[in-house]
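# Report on the structure
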Amino acid sequence: MNQVLLLLAPIALPVLAGLLGVILFFRRPACLAWTACLGVLAASLLFFFGFMDHPVFSWHRPWLDHLSLDFRLNHFSSLLLCFVLLFQFSTTVYLVGCHRDIPRPAGFTVFLLVAFGAASAVLLAGNLFVLLVGWEIFLVARYLLIGSGGPAAEPTAHKALLLGAAADFLMLFGLLLYTRETGSWGLEQGLAVAASRKTFLAFFLIFLGAGAKSAFFPFHTWLPDAAAALPIPGF
């Protein structure tokens, strides 16, 4: 299998499935849910069979003067991505069974699949630019996904957005320190955490920002509110 296709399948196929489903089945939520499920399944199968041929590789495409599109695949990221794809497929299977309870199924499904694609992009990122773009797209998709619960869910969506943005600011500051210490936007450089105060601060800010966005204590307060505000339980 083409290496570029292997990298782009977990990112692009869920998003394309969502867009195609909205175009073809905007008023048919059952067909829309099945399109989402089949799109994630296709991405998972393409990745699995492609990984058997290319377990470790990277892809680089120059874009602007100091920025490029870099993706990489190794055994660790492949392991994480397998769990993520399994979770995504399980979620879409659940969506097939409960789509009737969603007041705005088209928007909900598209935002969910965009979040899936962004999460895969973060795992496959080869430099900080791709990582940050995927990270922020996930934040916006999460906000819109929570907001799809209707007017009553808007305060919770705003709360999740503000806490996520604050967490991203901490992480961005830590990544800038990392870039300054390593002299590169790449993610393959090692950084001794205890080498200096700056390296430790970079590690601490990245850890704190990523953890806060993942709803660890004491930044977890948006998560139970979001679970209650979403149109269906379990998400």
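Residues numbered from 1 in each chain as written. Predicted model: local features only at pLDDT ≥ 70, side-chain atom pairs only at ≥ 80, totals over all residues. Heavy atoms only, no water.

It is worth spelling out the packing of helix 6 (residues 154-182) against helix 7 (residues 197-213) at this point. In the contact formed by helix 6 and helix 7, the axes pass within 7 Å of each other and the chain directions differ by 150°. On the basis of their axis angle, the class for helix 6 and helix 7 is roughly antiparallel. Like other packed secondary-structure pairs, helix 6 and helix 7 cross with a definite hand, here left-handed. Residues Ala167, Asp168, Leu170, Met171, Phe173, Gly174, Leu175, Leu177, Tyr178, Arg180 and Glu181 of helix 6 pack against Lys198, Thr199, Leu201, Ala202, Leu205, Ile206, Leu208, Gly209, Ala210, Ala212 and Lys213 of helix 7. Partitioned by chemical class, the residues of the contact of helix 6 with helix 7 number 14 nonpolar, three polar and five charged. (Axes fitted to C-alpha atoms, helices over the stretch in contact; angles between N-to-C directions. Helix = DSSP H or I, 4+ residues; strand = E, 2+ residues; numbered from the N terminus. Parallel < 35°, antiparallel > 145°, perpendicular 65-115°, else oblique. Left-handed = near helix turned anticlockwise from the far one by under 90°. Contact = heavy atoms within 4.5 Å. Nonpolar A, V, L, I, M, F, W, Y, C, P; charged D, E, K, R; others polar.)

For the protein, per-residue confidence averages 80 on the pLDDT scale, and 87% of positions sit at 70 or higher. When pLDDT is averaged over each element of the protein, helix 4 (residues 105-124) comes out on top at 87 and strand 1 (residues 57-62) at the bottom at 70. (pLDDT = per-residue confidence, 0-100.)

Quick look at helix 4 now. With 20 residues, helix 4 should cover 28 Å at 1.5 Å per step; its first-to-last C-alpha distance of 29 Å lies within 8% of that length. Across the 20 residues of helix 4, 15 count as buried, placing the element largely inside the fold. (Expected span 1.5 Å × (residues − 1). Buried < 20%, exposed > 50% of the residue type's maximum accessible area, 1.4 Å probe, protein only.)

Relative to the helices and strands, Ala165 resides in helix 6. Through-space distance from the C-alpha of Ala165 to that of Glu136 is 8.6 Å; in sequence the pair is 29 residues apart.

Direction vectors running N to C along helix 5 (residues 128-147) and helix 6 enclose 175°, while the axes themselves pass 9 Å from each other. Here helix 5 lies roughly antiparallel to helix 6, going by the angle between them.

Once that is clear, we can look at a nonpolar patch on the surface. A contiguous nonpolar surface patch, about 760 Å² in accessible area, is contributed by Leu172, Phe173, Leu176, Phe200, Leu201, Phe203, Phe204 and Phe207. At the level of elements, helix 6 and helix 7 are the ones that each hand at least two residues to the nonpolar patch. When residues in the nonpolar patch are grouped by element, the largest group, five residues, is from helix 7. Mapped onto the elements, Phe204 comes out in helix 7. (Patch = residues over 30% accessible without salt bridge, like charges linked within 9 Å, V, L, I, M, F, W, Y side chains within 5 Å. Areas by Shrake-Rupley, 256 points an atom, 1.4 Å probe, with all protein chains shown as cover. Salt bridge = Lys/Arg side-chain N within 4 Å of Asp/Glu carboxyl O.)

This part is about the nonpolar core. Membership of the largest hydrophobic core comes to 22 residues, with the highest contact counts inside it found for Leu7, Phe47, Phe71, Leu73, Leu124, Leu131 and Leu175. Only helix 1 (3-25), strand 2 (68-73), helix 3 (75-98), helix 4, helix 5 and helix 6 provide two or more residues apiece to this core. Sorting elements by how many residues they give to this core places helix 5 first, with six residues. By size, the runner-up hydrophobic cluster in this structure holds 19 residues, among which are Phe116, Ile146, Ala215 and Leu230. (Core = buried A, V, L, I, M, F, W, Y, C linked by side-chain atoms within 4.5 Å.)

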